[in-house]
Amino acid sequence: MKVLLTGFAPFGGETINPSWEVVKQVAQEQIEGISIIKRQIPTVFGRSIDEVIEVVTGERPDIVIAVGQAGGRSSISVERVAINVNDARIPDNNGNQPIDVPVIEGGPAAYFSNLPVKAIVKAVNEAGIPASVSNTAGTFVCNHLMYGILHYIEQHKLPIQAGFIHIPYLPQQAVNHRRAPSMSLTDMVSALRVAVETAVLNYPGY
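All figures in this text were calculated on a predicted structure; none of them were measured in a lab.

With that settled, consider the overall build of the chain. What the chain contains, in helices and strands, is six helices and eight strands. Listed N to C, the secondary structure of the chain is β-α-β-α-β-β-β-β-α-β-α-β-α-α in terms of helices and strands. With respect to the principal axes defined by its C-alpha atoms, the chain has extents near 40 × 40 × 25 Å. Per-residue burial over the chain gives 52% buried out of 206 residues. Across the chain, contacts joining residues at least 24 apart in sequence account for 78% of those joining residues at least 6 apart. A total accessible area of about 9300 Å² is found for the chain, and carbon and sulfur atoms account for 48% of it.

A word on the environment of Ser 77. Its location among the elements puts Ser 77 in strand 4 (residues 76-79). For Ser 77, a relative accessible area of 4% corresponds to the buried category. A C-alpha to C-alpha distance of 9.5 Å links Ser 77 and Thr 136, two positions 59 residues apart in sequence. Excluding residues within four positions of it along the chain, Ser 77 makes contact with Ser 132, Ser 134, Phe 164, Ile 165 and His 166. Here Arg 73 takes part through its side chain, which lies 3.3 Å from a polar atom of the side chain of Ser 77.

Below, the discussion takes up the sheet that holds strand 7 (residues 131-134). Within the open sheet, the six strands sit side by side as 2-1-3-8-4-7. Their pairing is mixed. Of all the strands in the sheet, just strand 2 (35-41) and strand 7 have a single pairing partner and so form its edges. Strand-to-strand twist in this sheet, taken as the mean axis angle between neighbours without regard to direction, amounts to 25 degrees. As judged from the seven bridges shared by strand 1 (residues 2-8) and strand 2, these two strands associate in the parallel manner. Its bridge partner lying in strand 2, Lys 2 is registered against Ser 35.

What counts, and at which threshold
Residues numbered from 1 in each chain as written. Predicted model: local features only at pLDDT ≥ 70, side-chain atom pairs only at ≥ 80, totals over all residues. Heavy atoms only, no water. Helix = DSSP H or I, 4+ residues; strand = E, 2+ residues; numbered from the N terminus. Buried < 20%, exposed > 50% of the residue type's maximum accessible area, 1.4 Å probe, protein only. Contact = heavy atoms within 4.5 Å. Areas by Shrake-Rupley, 256 points an atom, 1.4 Å probe, with all protein chains shown as cover. Polar contact = N/O pair within 3.5 Å; in protein donor to acceptor, adjacent residues only side chain to side chain. Pairing = 2+ DSSP bridges. Axes fitted to C-alpha atoms, helices over the stretch in contact; angles between N-to-C directions.

Rendered as structure tokens:
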């Protein structure tokens, strides 16, 4: 099984993005029967989708799990749905700030993740790490990327399972945000590893 994990570059004035730190560590681990590909993706509308599609076409993964930072959330959030809207509260890393425009002109209103969302949440919780199903991936680059990946898979009828997981701030970030909720890097790495293993175990025909 081949799994593509993506994390974002820092944005919004941060010097670190926990999504990439977590992806890097999980990709270094040896998980039996699973080959992990990792990529850091720019926090930029348009380019983020293009770069993931380039990796998908070149590497042909069975599973794609994109990971992003959700400052203010206190648990691992496994996203159920991505909507066809870009509505940026702040500019991306290239200064783009689309307001009320579609991710894909003429695309469906939404796409649902085809990862085993509830199985992942259950497994992460059973590992002692708080996790929940989320019904909103926001309207910034995270939702944009999730929608773009699922749209590409649907349009090309690819046998790929894909979805998105949001993670909290790291503790060193939270102190700069009025002590917003945070989670240790160790716990987030464990959670993503569990998510990968659960996705593989639930892959059709595995």
